[in-house]
Amino acid sequence: MKFQAPKGTRDFYPEDMAIRNWIEERWRAVSLRNGFVEYDGPVFEYLDLYRVKSGEEIVSQLFHFEDRGGRELAIRPEMTPTLARMVAARAHALPKPIKWFSVPRMCRAERPQRGRLREFFQWNIDVLGEDGEIADAEAIFVLVDFLREVGLSPETAEVKINSRAIVAAILRQAAIPAGRLDAVYAVLDKRDKLSPEAFNESIREIGLDDAQREMLLRMGEAKGRDGLSDIESILRGDEEGLASCRSLRTVLDLLATMGVADYCRYDMGVVRGLAYYTGTVFEAFGKGGLRRAICGGGRYDRLLSDLGGPPMGGVGFATSDVVIQDLLAELNLLPATKEHIDFFVIDADAQLFPIAIDVTAKLRARNVSAVFSYARQGVGKQFRQAAGRKARRVVIIEPGEHAGRTVAVKDMESGVQANVAIEKLLDDPWQPLQPP
């Protein structure tokens, strides 16, 4: 029987693993330099944890099972519920603000498509215990910092920012019945994925009157600073709604102060369908052929209390390696990740092989990568192996009266070769080579 990887998963051969590591290294580097610390949790949780956060409908989107005790469990599809559970358990002991990040493996039982698989790695950034707009701005700044880190400019990527509080104020102004709000949110969240005709038809199917449909259409067109001004004119007299607009302007002003305003713009079309978002919401988009969000997040102020913890606001975002890799590949921004090693140690005579093993082990103890040929073969074949492994330097153990005390070292890029005492080589493996 011939086996293959399950649908929606990936095998990571060395060249694929190198790309994955490259992306994860940049996630971690950006997180650490912005003052975040890493955490992790179990790969599966109680199914009810996800029900509390997202409702019963989430069950069909998860890989879930019963353990031997009949307890309902689910493989984690996202990290926010685990984060909230962990923080709730130690909420009073953790210093605020809580700035955590994680890079976990996730699984979702959904149809695989471009940029979305059933198994993936996810970068999560969260700030908890800070209700001010500075936390929202910093979360967005960290996202932009990563975009810059991987070579995405304002011409190739952007962050669209909105507020669920503003959306709620508009819908309140339009007197849309509470029983239809979920359907309206769902349609608004798909605004950029639908043609104008399909969007109009979706609104019509909800059963709204002409004035309400016109209001939703006007909402979908509000973009940039002028768009936010248009929304403020709609909300004139609604102090709660205007306060939400002022809060969002503060976030945008902070992003300008942080020097990333050229990546960011207000867009009323960003709604974020997850029910727990309460304030600022944002999505990053690549401007290539991948017409979908590459990252999404926002402010959630009730999640901890919903899970039995104290009231505590939070803001965060997540993105996956799948969608990031697809976008960077399209824009030719992925690095060349060919394997290389530091040293390849050659024995010019089979009798010298023990010395080659000894030198290799001592080089490794100096924290440089070093290998040797498993097969006893001629020097030429070993050199070809070294070239195939992209070795930076080759050490040749040569026969003669100095065997075991002196070796020949060759720089494979410059071609310079010199005789070096083994003690000096081990003291400074990367010393400049002086040709005879």
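Up top is the structure these notes are about.
Residues numbered from 1 in each chain as written. Predicted model: local features only at pLDDT ≥ 70, side-chain atom pairs only at ≥ 80, totals over all residues. Heavy atoms only, no water.

**Some thoughts on the sheet that holds strand β16 (residues 406–411)**
Across the sheet, five strands lie side by side as β14-β13-β15-β16-β17; this open sheet has mixed pairing. Each end of this open sheet is capped by a strand with a single partner; those strands are β14 (370–372) and β17 (417–421). Within the sheet, the average angular offset between the axes of one strand and its neighbour, ignoring direction, is 30 degrees. One ladder, built from five bridges, connects β16 with β17; its direction is antiparallel. Its bridge partner lying in β17, Ala408 is registered against Asn419. Set on the sheet, helix α13 (residues 353–365) makes contact with β13 (341–347), β14 and β15 (391–397); between it and β14 the angle comes to about 165 degrees. (Pairing = 2+ DSSP bridges. Helix = DSSP H or I, 4+ residues; strand = E, 2+ residues; numbered from the N terminus. Axes fitted to C-alpha atoms, helices over the stretch in contact; angles between N-to-C directions. Contact = heavy atoms within 4.5 Å.)

**Describing the pattern of salt bridges**
Overall, the coordinates contain 33 salt bridges when judged by the stated rule. Its salt-bridge partner being Arg246, residue Glu239 comes within 2.6 Å of it at the nearest N-O pair. Its relative accessible area of 48% is what places Glu239 among the partly exposed residues. Using a relative accessible area of 44% as the deciding quantity, one classes Arg246 as partly exposed. As a salt-bridge pair, Arg392 and Asp342 come within 3.1 Å of each other at their nearest N and O atoms. With Arg392 in strand β15 and Asp342 in strand β13, this residue pair connects regions lying 50 residues apart in the sequence. Look at Arg392 and you get partly exposed, because its relative accessible area is 40%. On the accessibility criterion, Asp342 (11% relative accessible area) is buried. (Salt bridge = Lys/Arg side-chain N within 4 Å of Asp/Glu carboxyl O. Buried < 20%, exposed > 50% of the residue type's maximum accessible area, 1.4 Å probe, protein only.)

**Observations concerning the packing of aromatic side chains**
The full count for this structure, using the stated rule, is 11 aromatic pairs. Measuring from centroid to centroid gives 5.2 Å for Tyr39 and Trp100, while their planes differ by 35 degrees, and the two rings are tilted. Here the residue Tyr39 occupies a position in the loop between β1 (37–38) and β2 (44–46), and Trp100 occupies one in strand β5 (residues 98–102), the gap between them amounting to 61 residues. There is no split in this pair, since Tyr39 and Trp100 are both buried. Relative to Phe317, the ring of Phe282 lies with its centre 6.2 Å away and its plane at 70 degrees, an arrangement referred to as edge-to-face. Of this pair, Phe282 sits in strand β10 (residues 280–286) while Phe317 sits in strand β12 (residues 314–320), placing them 35 residues apart in sequence. On the basis of relative accessible area, Phe282 is assigned to the buried category, the value being 0%. Put simply, the rings of Trp27, Trp123, Phe146, Phe282 and Phe317 touch in pairs and so form one group of aromatic residues. In this arrangement the basic side chain of Arg20 is found over the ring face of Phe12, its NZ or CZ atom lying 4.7 Å from the centre. For Arg20, the ring lying beneath its charged end belongs to Phe121, and the centroid distance is 3.8 Å. (Phe/Tyr/Trp six-rings, centres within 6.5 Å; stacked < 30°, edge-to-face > 60°. Lys NZ or Arg CZ within 6 Å of the ring centre and 35° of its normal.)

**Concerning the sheet that holds β2**
As summarised here, the arrangement of the three strands in space is β2-β4-β3, forming an open sheet in which the pairing is antiparallel. Unpaired on one side and paired on the other, β2 and β3 (64–66) mark the two borders of the sheet. Pairs of neighbouring strands in the sheet enclose a mean axial angle of 35 degrees, with direction left out of account. Sheet analysis places β3 next to strand β4 (residues 72–75), joined by three bridges and oriented antiparallel. When the bridges of β4 are listed, His64 appears paired with Ala74. Across the sheet, helix α2 (residues 47–54) is in contact with β2, β3 and β4; its angle to β2 comes to roughly 70 degrees.

**Focus: the environment of Phe285**
Residue placement: Phe285 occurs in strand β10. On the basis of relative accessibility, which here comes to 13%, the residue Phe285 falls in the buried class. For the pair Phe285 and Gly296, spaced 11 residues apart in sequence, the C-alpha separation works out to 9.2 Å.

**Topic: the environment of Ile231**
If you trace the backbone, Ile231 turns up in helix α9 (residues 224–234). Along the backbone, Ile231 and Lys2 are 229 residues apart, and their C-alpha atoms lie at a distance of 59 Å. In this view, Ile231 contacts Ile166, Ile170, Ala222, Cys245, Tyr266 and Met268; residues no more than four positions away in its chain are not counted.

**With respect to the side chain of Thr319**
Within the secondary structure, Thr319 is located in strand β12. Apart from residues lying up to four places away in sequence, Thr319 is in contact with Trp27, Phe121, Gln122, Trp123, Ile294, Cys295 and Ile324.

**Some remarks on unusual backbone geometry**
Apart from glycine, the bulk of residues carry a negative phi angle, and the bulk of peptide bonds sit in the trans form. Of note, the amide linkage connecting Lys96 to Pro97 takes the cis form, showing an omega dihedral of -5 degrees. Along the chain, Pro97 turns up in the loop between α3 (80–89) and β5. Backbone geometry places Ala175, a non-glycine residue, at a positive phi of 55 degrees. One non-glycine residue with positive phi stands out, namely Asn332, at about 60 degrees. Mapped onto the elements of the fold, Asn332 is located in the loop between α12 (321–330) and β13.

**Comments concerning the side chain of Ser373**
Note on placement: Ser373 falls in the loop between β14 and α14 (379–388). Here the side chain of Ser373 touches Ala375 through a polar contact of 2.9 Å, landing on its backbone oxygen. Dropping the residues within four chain positions of it, Ser373 is found in contact with Phe344, Val345, Phe353, Gln382 and Gln385. (Polar contact = N/O pair within 3.5 Å; in protein donor to acceptor, adjacent residues only side chain to side chain.)

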